[in-house]
Every structure is written in structure tokens, then in C-alpha cells.
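Residues per chain, in single letters:
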Amino acid sequence: MVELSQAGDGLLRKGFAGDTLNTAWYARACLPQDWSVDYFTTLGDDPLSQEMLSFIEGAGIGTQHISRISGGTPGLYLINLKDGERTFSYWRSAAAARQLAADADHLRETIDAADIVYFSGITLAILSTPIAVDTFLAELRRAKASGKQVVFDPNIRPRLWANREIMLETITNGARAATLVMPSFDDEAGNFGDTDVEATIARYRALGVANIVVKDGAKGATLDFGGERSHAPAEQAVKVVDTTSAGDSFNGAFLSRFVTGSTPEEAATFAAKAAATVIGHHGALISPDLLPKA
């Protein structure tokens, strides 16, 4: 999406972001150069879409699987900040990304080309039709059955969904298609009614999820990998400026360490440091030079 953030004196700063793009961006920033990160979405043929494509490529993220729609445009959102906490205003109903599962053959080819697939609850929420959701999840289940790592952040945003029942059912089905789920406890408690982190872990375990990372703000992250439990403390930010992308940066940094051989606890500890750095700066994406070194 196109991101508009506050630049002072009533001015706005234009950028490009979105939860899955943020995660890909931070994974790319934290991974060794011999790893490749590709992004999959659908864009239009307008100048903003081309600018976004160039931005993604400039970050070292592959774009060869991104499809284009004649007459399409990106979505847009505005960050509103108060005391470091953010709210968003969205314009996304006509975003080309809603068509990312419209071409089932291209979707399958894209997933087949990957070793690790990452998606979110927002991915599911924006898909244009129930048939598109079914197509997308079917391909993810196929990927999981073939032995691929499929990573899912439920990232629950109720106002993106038609109703609560559809939201909870679709998020649940998304988790069933995943090998690693990375929920935020506040989201799970507020929407699924989980009373504690243990309830969140137990619910996702019952869905057949092998590995779980529950992010719980200042309480850190609780990890359950194949039944082995561990905990990583939160890293206190020097100053909270903008909490946009806190969870996304954690996810990207975690995956960058986990897939290269760190233990889940080591990966989460590194990810907490990355997220604490990110929320000390404005906007969803900060310079890679500011991030902690692995």
C-alpha cells in the first residue's frame, strides 16, 4: 500500500508499506545476502504502482511474481499518531492486491517457487471473494503437505471483515494451513476470548500448528516449537515514537534468524531488539543501518 505519515507542519510523507511487505522488508534487511526474499501481490499499471515496484526492487526484494492489472491502483493508508500510538485511515476497497488469488495458476507457480511462504490475516481479509479465499488457502494447504514452511500472522483487524463469524472462521482456517503461527496476544484475547497465552497456544495446537510464537508486548514472546516451550523477554525501547510495524519487524527479524539456524529463543530475542529499534523511529520501514546486527 501507499503509506502517508505525518511529516510536521501539516505535511505528509509518502512511502510504501503494508504488513506482509514490512515483514518481507525486515527479513531481507536481516538475512545474509545469499538468501533471496520475493514479494507476491498484484499491482496496477499507474505511476504509483510502478513507483512501488521500483521501491521493492530497490530494497533487494524480488518482484518477478508480482502481476499487474490494467487500470488497477494500490491501496492507500494514513497513519494518525498520538503519544506514539497509531490509528489508521484506509482507502483500499479498490486496491489491485485484492485480486492476488484471481489467477490460480500463477498463484500455484509462485508458491511452488518458494521454500518458505508468509501470509497474514490481512492477506485473507482483502481477498475479493470467498472463492478467492478458498483458492488461496487450498494452495497453502498443498504447500504445507509438500513439506514447505508456511508462516501465518493472524494480524486480526475486525473492520476489514464483513462480520465477526467469517473473520474468526477464516483466521482459523488460515492457521490450519500453517506450520508456524505468530499471533499477538492482545488480538487473540480481544477476538477469540483467550484468557492467557496458554489458551492461545492450546487453541492453535489443536488446529495442527506445529510451531507457535505468541507476541505479548512488554511481557515478551512465548514460544512453543514441537512442544518445547521457551520465552524471550521484550526489549525496552529508548523512546517510543511510532509503533507502526512493531509486530511486522519482529516477524521478519525472527524469520531471518530462525531459518539460518538460530534457536527459536535466540531468534525471538534478536527480533525483540529489532522491533524496539523500529518503534523508536517514524514510519513502518527504517534504514537497515539502524537495525541490530545478528
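Throughout, a residue's number is its position along its own chain's written sequence, starting from 1. Given that the model is predicted, a residue must reach a pLDDT of at least 70 before its local features are reported, and side-chain atom pairs must reach 80 or more before they are shown or counted; all residues, however, enter totals for whole chains, interfaces and linings. Side-chain numbers here rest on the full set of heavy atoms in the structure, without hydrogens or water.

Participant: Just checking my understanding: could you explain the packing of aromatic side chains for this structure?
Facilitator: Aromatic rings considered in pairs are described by the distance between their centres and by the relative angle of their planes. Geometry of aromatic contacts follows a simple scheme: Phe, Tyr and Trp rings, the Trp one being its six-membered ring, pair when their centres are within 6.5 Å, and the pair is stacked under 30 degrees between planes, edge-to-face over 60, tilted otherwise. For the structure shown, the criterion picks out 11 aromatic pairs. Ring plane angle 40° and centroid distance 5.9 Å describe the contact between Tyr77 and Tyr90, whose orientation is recorded as tilted. Taken together, the positions of Tyr77 in strand β5 (residues 76-82) and Tyr90 in strand β6 (residues 85-91) put the pair 13 residues apart, joining distant regions of the chain. Relative accessibility decides the category of a residue: with a 1.4 Å probe and only protein chains considered, values under 20% of the type maximum give buried, values over 50% give exposed, and everything between is partly exposed. The class of Tyr90 is partly exposed, set by a relative accessible area of 28%. Counting from the N terminus, the helices are the DSSP runs of H or I reaching at least four residues and the strands are the DSSP runs of E reaching at least two.

Participant: So what exactly am I meant to see when it comes to the side chain of Asp19 here?
Facilitator: The residue Asp19 is located in helix α1 (residues 19-30) in this model. Residues counted as positive are Lys and Arg, residues counted as negative are Asp and Glu, and His and the chain ends are not counted. Here, a salt bridge means any side-chain nitrogen of Lys or Arg that lies within 4 Å of a carboxyl oxygen of Asp or Glu. In this structure, Asp19 is buried with no salt-bridge partner, the nearest side chain bearing the opposite charge being Arg92 at 6.0 Å. Note on definitions: a residue-residue contact is assigned when non-hydrogen atoms from the two residues lie within 4.5 Å. Ignoring anything within four residues of it in the chain, the contact list for Asp19 reads Ser120, Ile122, Asn155 and Asp248.

Participant: I keep staring at the environment of Asp115 and nothing clicks. Help me out?
Facilitator: Within the fold, Asp115 resides in the loop between α3 (104-112) and β7 (116-120). With a relative accessible area of 66%, Asp115 lands in the exposed category. In contact with Asp115, not counting residues within four places along its chain, are Lys148 and Gln149.

Participant: Sorry, what's going on with the sheet that holds strand β10 (residues 211-215) here?
Facilitator: Strands pair in a sheet through their backbones, by hydrogen bonds, and they do so in one of two ways: parallel or antiparallel. By this definition, two strands are paired if DSSP reports at least two bridges between them. One open sheet holds the six strands; their spatial order is β7-β8-β9-β10-β11-β12, and the pairing between them is mixed. The open sheet has two edge strands, β7 and β12 (228-232), and neither has a second partner. As paired elements, strand β9 (residues 180-181) and β10 share two bridges and run parallel to each other. Within the sheet, the bridge partner assigned to Val181 lies in β10 and is Ile212. Where helix α8 (residues 197-206) meets the sheet, its contacts fall on β9, β10, β11 (221-225) and β12, and the angle it forms with β10 comes to roughly 150°. A fitted line through C-alpha atoms serves as each axis, taken over the contacting stretch for helices, and the angle formed by two N-to-C directions is quoted from 0 to 180°. Lying on the sheet, helix α9 (residues 246-258) is in contact with β7, β8 (149-153), β9, β10 and β11; it crosses β10 at an angle near 145°.

Participant: I would appreciate a short explanation of the packing of α9 against helix α10 (residues 264-278) in the present structure.
Facilitator: Packed helix pairs are specified by the crossing angle of their axes together with the interaxial distance, meaning the distance between the axes. One way to put it is that α9 packs onto α10 with a least axis distance of 7 Å and a crossing angle of 145°. α9 and α10 meet at a crossing whose hand is right-handed. Together, Ala246, Ser249, Phe250, Ala253, Phe254, Ser256, Arg257 and Phe258 of α9 and Pro264, Ala267, Ala268, Phe270, Ala271, Ala272, Ala274, Ala275 and Val278 of α10 make up the contact between the two elements. Classifying every residue of the contact of α9 with α10 gives 14 nonpolar, two polar and one charged. A clockwise turn of the near helix away from the far one marks a right-handed crossing, whereas an anticlockwise turn of less than a right angle marks a left-handed crossing. Three classes are used, and their members are as follows: Ala, Val, Leu, Ile, Met, Phe, Trp, Tyr, Cys and Pro are nonpolar, Asp, Glu, Lys and Arg are charged, and the others, Gly among them, are polar.

Participant: I keep staring at the packing of helix α6 (residues 164-176) against helix α7 (residues 185-192) and nothing clicks. Help me out?
Facilitator: Put simply, α6 and α7 touch, their axes get as near as 11 Å, and they point 130° apart. Overall, the two elements α6 and α7 adopt an arrangement that is oblique. For the element pair α6 and α7, the recorded crossing hand is left-handed. On α7, the residues touching Arg164, Met167, Leu168, Ile171 and Thr172 of α6 are Gly190, Asn191 and Phe192. Taken together, the residues that form the contact of α6 with α7 break down as four nonpolar, three polar and one charged. Any angle from 65 to 115 degrees is called roughly perpendicular, while one under 35 is roughly parallel, one over 145 is roughly antiparallel, and all others are oblique.

Participant: What is the right way to read α7 from this model?
Facilitator: Because each turn of an α-helix spans 3.6 residues, side chains separated by three or four positions in sequence point in the same direction. Burial in α7 covers these residues: Phe185, Asp187, Glu188 and Asn191. Mapping the buried residues of α7 onto a view down its axis gives an arc of 160°, with all of them on the same face. Every exposed residue of α7 that faces more than 90 degrees away from the buried side is listed here: Asp186 and Gly190. Among the residues trailing α7, Gly193 stands out with phi positive, at a value near 80°. The directions considered for the arc run from the helix axis to the C-beta atoms.

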